[in-house]
Amino acid sequence: MQRIMTLLLSLLFLSGLNGCSFQLRDSYQLPTNLQAVRLDSIDSLELEASLTQRLLTAGIQVVDASTSSSTTIIRVLSDQLERRTLSLFESGQVAEYELIYQINYQVIREGNIEYDGQVEVARDYQDDPNFALAKTRERELLVSEMRDEATRRLVRQLISEFSD
């Protein structure tokens with residue numbers, strides 16, 4: 001009897017999730033015009049790898065430059081990391097930064113710019129000059145996470161912008 005109740009409650013829960021259009025994160029309904037894209041003008045290997053992975057996870061095929069010109073092109077205009085001072089120690093050294101990672105991009109189809117987009121991710125970062133090596137490694141990890149978050153947001157923007 002206990003098993004039947006557990007099974008019924010599980011089925012009720014799953015049907016409730018299905019009824020409210022719940023989807024797993026990064027699970028998208030792809031627009032027909034975003035089945036395959038080509039990446040262009042990416043200077044950062046880390047950004048290219050992260051963006052390629054996000055597109056593939058979303059079910060979007062990434063093609064190379066030799067493919068026909070009718071492919072949708074994502075052109076990365078810039079990716080930059082800015083650092084702003086938030087607070088100082090009494091000695092005048094920086095205690096806390098705000099890191100801002102920004103990607104500016106365009107979506108081009110059939111030679112026309114269809115969309116100009118921008119993604120920005122900000123994080124606070126506490127610095128301590130006594131632990132410079134550890135803080136440098138922490139900052140590198142933080143920037144990598146920010147890059148991944150920015151590419152995730154970029155893919156979401158693309159899909160929401162070009163949904164049929």
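Before reading on, note that the structure itself is shown above.
The present account deals with the structure reproduced in this document. Worth saying up front: this structure is predicted, and the values here are computed from it rather than measured. (Residues numbered from 1 in each chain as written. Predicted model: local features only at pLDDT ≥ 70, side-chain atom pairs only at ≥ 80, totals over all residues. Heavy atoms only, no water.)

1. Focus on the pattern of salt bridges
This model, assessed by the stated rule, comprises six salt bridges. The closest approach of N and O atoms between Asp-40 and Arg-75, which form a salt bridge, is 2.9 Å. Of this pair, Asp-40 sits in strand S1 (residues 36–40) while Arg-75 sits in strand S3 (residues 72–88), and the two are 35 residues apart along the sequence. Of the residues examined, Asp-40 reaches a relative accessible area of 22% and is grouped as partly exposed. Exposure remark for Arg-75: the relative accessible area of 28% places this residue in the partly exposed category. For Arg-152, the salt bridge is made with Glu-149, and the minimal N-O distance between the two is 2.7 Å. Taken together, the positions of Arg-152 and Glu-149, both in helix H3 (residues 132–161) and three residues apart, correspond to about one turn of that helix. The two residues Arg-152 and Glu-149 agree in class, both being buried. (Salt bridge = Lys/Arg side-chain N within 4 Å of Asp/Glu carboxyl O. Helix = DSSP H or I, 4+ residues; strand = E, 2+ residues; numbered from the N terminus. Buried < 20%, exposed > 50% of the residue type's maximum accessible area, 1.4 Å probe, protein only.)

2. Looking at the environment of Val-76
Locating Val-76 in the fold gives a position in strand S3. Note: C-alpha distance between Val-76 and Leu-47 (29 residues apart in sequence) is 9.7 Å.

3. A word on the packing of aromatic side chains
Here the structure, examined in full by the defined rule, presents three aromatic pairs. The interplanar angle of 55° and the centroid separation of 6.1 Å between the aromatic rings of Tyr-105 and Tyr-115 together place this pair among those described as tilted. Taken together, the residues Tyr-105 in strand S4 (residues 94–109) and Tyr-115 in strand S5 (residues 112–126) connect sequence positions 10 residues apart. Judged by centre distance (6.2 Å) and plane angle (80°), the ring pair of Tyr-115 and Phe-162 falls under edge-to-face. Here Tyr-115, found in strand S5, pairs with Phe-162, found in the segment after H3; they are 47 residues apart in sequence, far enough to count as distant. A connected cluster of aromatic rings, assembled from ring pairs, spans Tyr-105, Tyr-115 and Phe-162. (Phe/Tyr/Trp six-rings, centres within 6.5 Å; stacked < 30°, edge-to-face > 60°.)

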